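An overview of the molecular structure
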Amino acid sequence: DRRPPPGRRLRGPVTMMRAAARGMSLVARTQAARLVPAVGGVQLRCASKFAETHEYIHVDGDTGLVGITAHAANALGDVVYVELPDVGSSFAAGDSFGSVESVKAASDVYAPVACEVVAINEVVANEPATINESPEKDAWFIKVKITQPADLEGLMNEEEYQAHTAE
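Read on for a plain summary of the structure. (Residues numbered from 1 in each chain as written. Predicted model: local features only at pLDDT ≥ 70, side-chain atom pairs only at ≥ 80, totals over all residues. Heavy atoms only, no water.)

Remarks on the overall build of the protein
Helix and strand counts for the protein come out as six helices and 11 strands. Residue pairs in contact within the protein that sit at least 24 positions apart in sequence constitute 58% of those at least 6 positions apart. (Helix = DSSP H or I, 4+ residues; strand = E, 2+ residues; numbered from the N terminus. Contact = heavy atoms within 4.5 Å.)

Given below as structure tokens:
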């Protein structure tokens, strides 16, 4: 068995494929890689923050990628439709910026911080099932310019979010 010792994170796309082949859960695969593709396919290491409403933001300077967590994707089931905002739209922290519909339920998606939308993920808009396959990596919903950086302080880090979802 070539699994890393407990507490050591897996990294990179090859490791992700190996993890998937070993049958790791979606949440474990998502946690295994913290390299997030930015607009244009450039990979970068990001600080991730999480909202109680199960949205994440992968922060890179004054921008971030926003989507729903693996926990939320698992709870929703097979996603069949995603509504995304227009580029240029502005939202306060906690405002609904779109929605997700699955075979089980429909849910609003909320901005974790005050922001302006600078790009949307066309892949998610055209292929909503991507959310179930890779919610915290490839299936980000919007790229935003963070307009109130202090909002980040009210969000959870990864360990706090894991404890929150375990409750």
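Considerations on the sheet that holds strand E5 (residues 63-68)
Strand order in the open sheet formed by six strands is E3-E4-E5-E11-E10-E7, and the pairing between neighbours is antiparallel. If you trace the sheet from one side to the other, it starts and ends with strand E3 (47-50) and strand E7 (90-91), each paired once. Taken together, the six bridges between strand E4 (residues 55-60) and E5 define a ladder with antiparallel strand orientation. By the bridge assignment, His58 is partnered in E5 with Leu65. (Pairing = 2+ DSSP bridges.)

Here we look at the nonpolar core
Formed by 28 residues in total, the largest nonpolar core has its most connected members in Ile57, Ile68, Phe97, Ile131 and Phe141. Counting residues per element, the ones that place at least two in this core are E4, E5, helix H3 (70-76), strand E6 (79-83), strand E8 (96-102), strand E10 (115-120) and strand E11 (142-146). Those residues within four positions of Phe97 in sequence are excluded, and the remaining contacts are Val66, Glu83, Leu84, Pro85, Phe91, Val109, Tyr110, Ala111, Phe141 and Ile142. (Core = buried A, V, L, I, M, F, W, Y, C linked by side-chain atoms within 4.5 Å. Buried < 20%, exposed > 50% of the residue type's maximum accessible area, 1.4 Å probe, protein only.)

Details of the side chain of Ser99
When you line up the elements, Ser99 lands in strand E8. A residue is classified by how much of its surface remains accessible, and Ser99, at 12% relative accessible area, is buried. Once residues within four sequence positions are removed from consideration, Ser99 is found in contact with Tyr81, Val82, Glu83, Ser107, Asp108 and Val109.

Re the pairing of E4
Across the six residues of E4, five count as buried, placing the element largely inside the fold. Hairpin remark: E3 followed by E4, antiparallel, with four residues in the connecting loop; positive phi at His54, about 75°. Joining the antiparallel neighbours E4 and E5 is a turn of two residues, in which Gly61 adopts a positive phi near 70°.

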